[in-house]
Amino acid sequence: MLELRSINSFYGDVQILFDVSLEIKEGEIVTILGSNGAGKTSVIKSICNLLPIGSGEIYYEGQRIDKIPPYKLINLGISLVPEGRRLFPDMSVYDNLRLGGYPLKDKKTLSDNLEWVMELFPRLKERSKQLAGTLSGGEQQMCAIARGLMIRPRMIIFDEPSLGLAPVIVDQIFEILTQIVHENHSTILLVEQNAQTALEISDRGYVLENGHIVLEGASKELLESPEIQKAYLGL
Amino acid sequence: MNFSYWMELIMSGVVTGACYALIGAGLSLIWGTLKMVNLAHGEFYMLGAYILWVSLTVGNMPLLIAIPIAAVSVVVIAALLHMATIRPLLRKPGWDMSPWILTLGIQILLQNIALQVWGELYQNVPYFWNAIFKPGNLFTISGQRIIILFGTFAVILLLMFIIKKTKLGRAIIATSQDGEFATMMGINTKRVYLVTYGISAMLAAIAGVLMCPVYSVNPWMGTTVQTKGLVVCILGGLGSVEGAIIAGIVMGIVESLTVSVVGSAWRDVAAYLLLIIILYVRPEGLFGRKREG
Amino acid sequence: MKILMKDILERRSRIAGISSLVFFLALLILPFLLTNAYYLHVLILCMIYACITSAWNMIAGYAGVFSFGFQALFGIGAYVSALLSMRLGISPWISMWAGAVAAMAIGAVVAIPSLKLKLLPYICIATMCMGEIIRLAVANFTTLTRGEMGLTNIPKLFADGNRTAYYYLAVAMFVLILAVVVKIVNSPMGMSMQAMKDSQEASESLGINISRTKIRIYMIGAFMAGLVGAFYAHYICILTPTSALGSSLMTSYVAMSLIGGIGTIVGPVLGSFVITIALEVLRALADYRMIFYALLIIVTIIFLRAGIWGSVKEIFISRAERFKNRSKEQG
């Protein structure tokens, strides 16, 4: 569904991604693991064309997307739940969600989808009038996910959804993620530092180090790989 | 020094303040989305007034056609300038400083083009409405001032409606809070930048159109008004449109009181002192939030 | 290969040393080559602008404190020195220093409240307003300053108005101010200034007292501006609030700094010479002069974002980088 072919990306003169290739098939959950500064967020920014790539090609459903302006990606059914949530703090939860459905032309679809995400996250329904900036960390993450679901995306990219959250809430959020996939047959690209949980719910994984893909394989194999256990699982 | 004297003073302050509010609201809107200070803003005010004057005198057009022509032409000029000069620099390294000098350049350019085209003579535009009112025999107010008040009020109401209630408004707010991420929600931020710049230019042009019968039309008329607009925009808390509007009216009243107490030579000093005193007490402005941006 | 890189850097500083020496020698010899007094006048103006733009750039480009009211300090130096020499009969050679000290004092008054502000536009607009207040005050206190009528017949520094003498005095002032700027930029205080610009929080945690450093630098810059202003007053001998305190002066400083290259030593000097001379050459265009000036500013900022010198530097550095990389590969 999504394919990156030999991506090289730069910040100014500094190269941060080296020859990165990866593939995500329809209906899969794929994890990208890596420590801080390994280039995980740069992969996402490259896919979204927020960081134009230096060389390489990116295909989505057979269509080349690395030259498409970022604001058009959502029309292809790609949705991003960014690192650090990035809600619009001065807007209500309701307005944040509505903004998630910005590209929807049809009012009926918008209200249907609003109802759907509110059902997924009943907490948000209770707080829909509250300003997004006043929510707790877990609620903010829920709001960000719900906002990302507003267009009923076929492909969702999650950047560090567990960052800064209590373990209980992380489990809840991952549970909801798997539920979404089963209900909607969405494809998920998950970028995480929390290797254990991420690999448990995903089908396959890639390991990124200093801008290079150093390891890839089925999640089960990765969980058992001694290198992963040593570097990411603290075993 | 009786009641009607003070009433007239305050009314004249509110009228000038309305003009500052329109300029300040536009500057604040531009700061909100583009994160730049537009030092060519007073020139849109000046161009609005000039185009109105030309349409009325040379074109012999009726007022109700001349006003939209002035507003629309200024928007077109602003949009072209935006695409030619601001867009290539937008968000590039040095963006914190480059717009200052760029828009200063545009300011000098537009002022001198106006000087070449229309000359340095001060031109006058007749009052739109030549009536004088004495509500309850308490004070007098001219028809022009009533038009300014209602015109400004209507424009601000429309602006607020656009920002708060429309999809475009939501796109503007989203862009101003998090421009990069707004694109990921399907918002074409480049277009939002262009549209907010155009809307702000139109606000300035309308201010110029409304005020020019009271003052006169000349190539330098925008400079002081722009400085006042900047002051108002900081007083109101940079990026807050409502704040700029309230601060504009307050400053108009303070100025007109200064004129009557100390004399008209100190009018601008009072306005600038007001800013400095308020910033000394509240560094984030009257309505600004702490640690923003 | 490491030696080669070091070689380049050493050669760079040697090139800088030699070329500035050549530049100053040229300034010293020029009066013998230029017989036309008008050319000397233009060069004096260039140096006046170069001094004050370098001072502004030291504050803005290195410390990151953008003052948009700097022209007022120039004007204060000019007015204080002119008034002292005119009303009290003090020798202009002494009143000049009084003008500089007055500018420094006002600079402190301006700096203390505005440096409390964190957001760049707040600082710019607050200082812009203070500059305007000073201009309006000078224009309004007509009994002392004669307002827009202006001060005329200000005492000259050299009895016969000898232009060559003024020229050499300007060169001396220019060299002195530039030397001080270079010295400050390369001093520990200058280093902390650059740290301050890069990250306020980081330098706060390093224990650098930000406001005190900023105020000190602002006052030094203000002293320079005042001194240059006083020199200008006793050179031109006519002062009006618009010519000595107007905001178009500020526009020039900013334009010169940015077009030359902000945050560099050479940039503001280059910008001052280029723009002052360009404005004189453009006199041939008569009415269209300011339009071309504006276009020059706009085009430069769009196509040379780092200014003339900044762009030259960027090219040089990226060449050196490439060279370094190549030598790394070979080594």
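Just so you know, these numbers come straight off a predicted model, no measurement behind them.

Draft legend 1. Expanded view of the overall build of chain A. Each helix and strand in chain A was counted, giving 9 helices and 10 strands. Projected onto its principal axes, the C-alpha coordinates of chain A cover approximately 45 × 40 × 30 Å. With 235 residues in all, chain A has 56% of them scored as buried. For chain A, contacts bridging at least 24 residues in sequence account for 68% of all contacts bridging at least 6. A total of about 10,400 Å² of accessible surface is found on chain A, and carbon and sulfur atoms cover 50% of it. The distance from the centre of the 23 positive side-chain charges to the centre of the 31 negative ones in chain A is 8 Å.

Draft legend 2. How the structure looks around the packing of helix α9 (residues 221–235) of chain B against helix α11 (residues 267–281) of chain B. All names here are of chain B. As a packed pair, α9 and α11 sit with axes 10 Å apart at the nearest point and diverge in direction by 25°. As the angle between them shows, α9 and α11 are arranged roughly parallel. As for the relative orientation of α9 and α11, their crossing is left-handed in sense. Note on element contacts: α11 touches α9 through Arg267, Asp268, Ala271, Tyr272, Leu274, Leu275, Ile278 and Leu279, opposite Thr224, Thr227, Lys228, Val231, Ile234 and Leu235. Per-class residue counts for the contact of α9 with α11 are 9 nonpolar, 2 polar and 3 charged.

Draft legend 3. Representation of the packing of helix α3 (residues 63–89) of chain B against helix α8 (residues 189–211) of chain B in the model. Residue and element names in this part refer to chain B. Put simply, α3 and α8 touch, their axes get as near as 8 Å, and they point 140° apart. Compared by their axis directions, α3 and α8 come out oblique. Crossing geometry of α3 relative to α8 is assigned as right-handed. Contact residues: α3 offers Ile67, Ala70, Ala71, Val74, Val75, Ala78, Ala79, His82, Met83, Ile86 and Arg87, while α8 offers Lys190, Tyr193, Leu194, Tyr197, Gly198, Ala201, Met202, Ala205 and Val209. By residue class, the composition of the contact of α3 with α8 is 16 nonpolar, 2 polar and 2 charged.

Draft legend 4. Quick look at the interface of chain B and chain A. Counting from both sides, the interface comprises 17 residues of chain B and, opposite them, 21 residues of chain A. Summed over both partners, the interface of chain B with chain A buries about 2,000 Å², with 62% contributed by carbon and sulfur atoms. When the buried surface of chain B facing chain A is broken down by residue, Arg170(B), Met184(B) and Met185(B) rank first, second and third, together holding 34% of it. The partner of Asp178(B) in a salt bridge is Arg86(A), and the shortest N-O contact between them spans 2.8 Å. Taken together, the links from chain B to chain A amount to 5 residue pairs in polar contact (both at pLDDT 80 or more). Those elements that provide at least two residues to the side of chain B that touches chain A are α6 (167–177) and α7 (179–184) of chain B. Among the elements that take part in the side of chain B that touches chain A, α6(B) stands out by supplying 6 residues, more than any other. Considering only residue class, the side of chain B that touches chain A consists of 8 nonpolar, 4 polar and 5 charged.

Draft legend 5. Looking closely at the interface of chain B and chain C. Contacts between chain B and chain C engage 45 residues on the former and 39 residues on the latter. For the chain B and chain C pair, buried surface summed over both sides reaches about 3,800 Å², with 82% attributable to carbon and sulfur atoms. Considering only the side of chain B, the residues that lose the most area to chain C are Met97(B), Trp100(B) and Ile101(B), jointly responsible for 17% of the buried surface there. Linking chain B with chain C are 0 salt bridges. Put simply, chain B and chain C have 3 residue pairs in polar contact (both at pLDDT 80 or more) between them. Breaking the side of chain B that touches chain C down by element, the ones donating at least two residues are α3, α4 (98–118), α9 and α11 of chain B. When residues of the side of chain B that touches chain C are assigned to their parent elements, the largest contribution, 12 residues, is made by α4(B). Among the residues forming the side of chain B that touches chain C, the class breakdown is 30 nonpolar, 9 polar and 6 charged.

Rules and cut-offs
- Residues numbered from 1 in each chain as written.
- Chains lettered and ligands numbered in written order.
- Predicted model: local features only at pLDDT ≥ 70, side-chain atom pairs only at ≥ 80, totals over all residues.
- Heavy atoms only, no water.
- Helix = DSSP H or I, 4+ residues; strand = E, 2+ residues; numbered from the N terminus.
- Buried < 20%, exposed > 50% of the residue type's maximum accessible area, 1.4 Å probe, protein only.
- Contact = heavy atoms within 4.5 Å.
- Areas by Shrake-Rupley, 256 points an atom, 1.4 Å probe, with all protein chains shown as cover.
- Lys, Arg positive; Asp, Glu negative; His and termini not counted.
- Charge placed at Lys NZ, Arg CZ, Asp CG, Glu CD.
- Axes fitted to C-alpha atoms, helices over the stretch in contact; angles between N-to-C directions.
- Parallel < 35°, antiparallel > 145°, perpendicular 65-115°, else oblique.
- Left-handed = near helix turned anticlockwise from the far one by under 90°.
- Nonpolar A, V, L, I, M, F, W, Y, C, P; charged D, E, K, R; others polar.
- Buried area = accessible area lost by both parts, 1.4 Å probe.
- Salt bridge = Lys/Arg side-chain N within 4 Å of Asp/Glu carboxyl O.
- Polar contact = N/O pair within 3.5 Å; in protein donor to acceptor, adjacent residues only side chain to side chain.

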